[in-house]
Amino acid sequence: VQLQASGGGLVQPGDSLRLSCAASGLTFSRYTVAWFRQAPGKEREFVAAIRRSQGTTYYSDSVKGRFTMSKNNAKNTVYLEMNTLKPEDTADYYCAADSQIILSSIRDIRGYNYWGQGTLVTVSS
């Protein structure tokens, strides 16, 4: 199983960026998939998730209204569209997946068995 995150880069405040996470060895339609991020010196935190069944999305309060998570089952890829980026969004962004996670744990880092490598997003003027 491999999750490959990509799309990070250096942008200015107010800019947009789209991250992608492609899977091999598992089928995203059968998994709940999430994005987490980790800023230097901080713990990894929940950003967004999309449930395997209904495709319902969940967001942290800090990104709600600015970030949108989506999934393309045909490409076995999930996306994180990030708009109106702020310097505090600077972090390594990780995708994670799990087939058994329950709703109450969807924001919990411990609930995910599969992780990709991080892709760095830097928001700076």
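Not measured: the values here are computed from a predicted model.

### Overview of the overall build of the protein
Item 1. On a plain count of helices and strands, the protein comes out with zero helices and 11 strands.
Item 2. Secondary structure of the protein in N-to-C order comes out as β-β-β-β-β-β-β-β-β-β-β.
Item 3. A compact globule built from 125 residues should have a C-alpha radius of gyration of about 14 Å, and the protein, at 13 Å, falls within 12% of that.
Item 4. Taken along its principal axes, the extent of the C-alpha atoms in the protein is 40 × 30 × 25 Å.
Item 5. Within the protein, buried positions represent 42% of all 125 residues.

### Thoughts on the packing of aromatic side chains
Item 1. Tallied over the full model, the rule gives five aromatic pairs.
Item 2. When the ring of Phe36 is compared with that of Tyr112, the centres are 5.5 Å apart and the planes differ by 75°; the resulting orientation is edge-to-face. With a gap of 76 residues between them, Phe36 in strand E4 (residues 32–38) and Tyr112 in the loop between strand E9 (91–98) and strand E10 (114–115) connect regions that are remote in the sequence.
Item 3. Looking at Phe36, the relative accessible area reads 1%, which means it is buried.

### Regarding the environment of Glu43
Item 1. By the secondary structure assignment, Glu43 is in the loop between E4 and strand E5 (45–50).
Item 2. If we ignore the near neighbours within four places in the chain, the residues touching Glu43 are Arg37 and Gln38.

### A word on the layout of surface pockets
Where empty space is left becomes clear once a probe the size of a water molecule has been rolled over the atoms.
Item 1. By volume, the largest pocket amounts to about 150 Å³.
Item 2. As for the largest pocket, its lining consists of Arg37, Gln38, Ala39, Lys42, Glu43, Glu45, Pro87, Glu88, Thr90 and Ala91.
Item 3. Of the residues belonging to the lining of the largest pocket, the class tally is three nonpolar, two polar and five charged.

### Observations concerning the sheet that holds strand E7 (residues 67–72)
Item 1. Spatial strand order, E1-E3-E8-E7: four strands in an open sheet with antiparallel pairing. Each end of this open sheet is capped by a strand with a single partner; those strands are strand E1 (2–6) and E7. Between one strand axis and the next, the sheet turns through 15° on average, direction left out of account.
Item 2. Note that E1 and strand E3 (residues 17–24) share five bridges and pair antiparallel. Bridge assignment links Gln2 to a residue of E3, and that residue is Ser24.

### Thoughts on the pattern of salt bridges
Item 1. This structure, assessed with the given rule, holds five salt bridges.
Item 2. Close ionic contact of Arg66 with Asp89 constitutes a salt bridge, the shortest N to O distance being 2.8 Å. You can see Arg66 sitting in the loop between strand E6 (57–59) and E7 and its partner Asp89 sitting in the loop between strand E8 (77–82) and E9, a full 23 residues away along the chain. Here Arg66 matches Asp89 in class, with each residue buried.
Item 3. Between Arg110 and Asp108 there is a salt bridge, with the nearest N and O atoms lying 2.9 Å from each other.

Here is what the cut-offs are and how they apply
- Residues numbered from 1 in each chain as written.
- Predicted model: local features only at pLDDT ≥ 70, side-chain atom pairs only at ≥ 80, totals over all residues.
- Heavy atoms only, no water.
- Helix = DSSP H or I, 4+ residues; strand = E, 2+ residues; numbered from the N terminus.
- Rg over C-alpha atoms; globule rule 2.2 N^0.38 Å.
- Buried < 20%, exposed > 50% of the residue type's maximum accessible area, 1.4 Å probe, protein only.
- Phe/Tyr/Trp six-rings, centres within 6.5 Å; stacked < 30°, edge-to-face > 60°.
- Contact = heavy atoms within 4.5 Å.
- 1 Å grid on protein atoms, 1.4 Å probe; cavity = no way out; pocket = protein on both sides within 12 Å on 5 of 7 lines; lining within 4 Å.
- Points joined across faces, edges and corners; volume = space filled by probe spheres on them.
- Nonpolar A, V, L, I, M, F, W, Y, C, P; charged D, E, K, R; others polar.
- Pairing = 2+ DSSP bridges.
- Axes fitted to C-alpha atoms, helices over the stretch in contact; angles between N-to-C directions.
- Salt bridge = Lys/Arg side-chain N within 4 Å of Asp/Glu carboxyl O.

In short, geometric facts, not functional conclusions.
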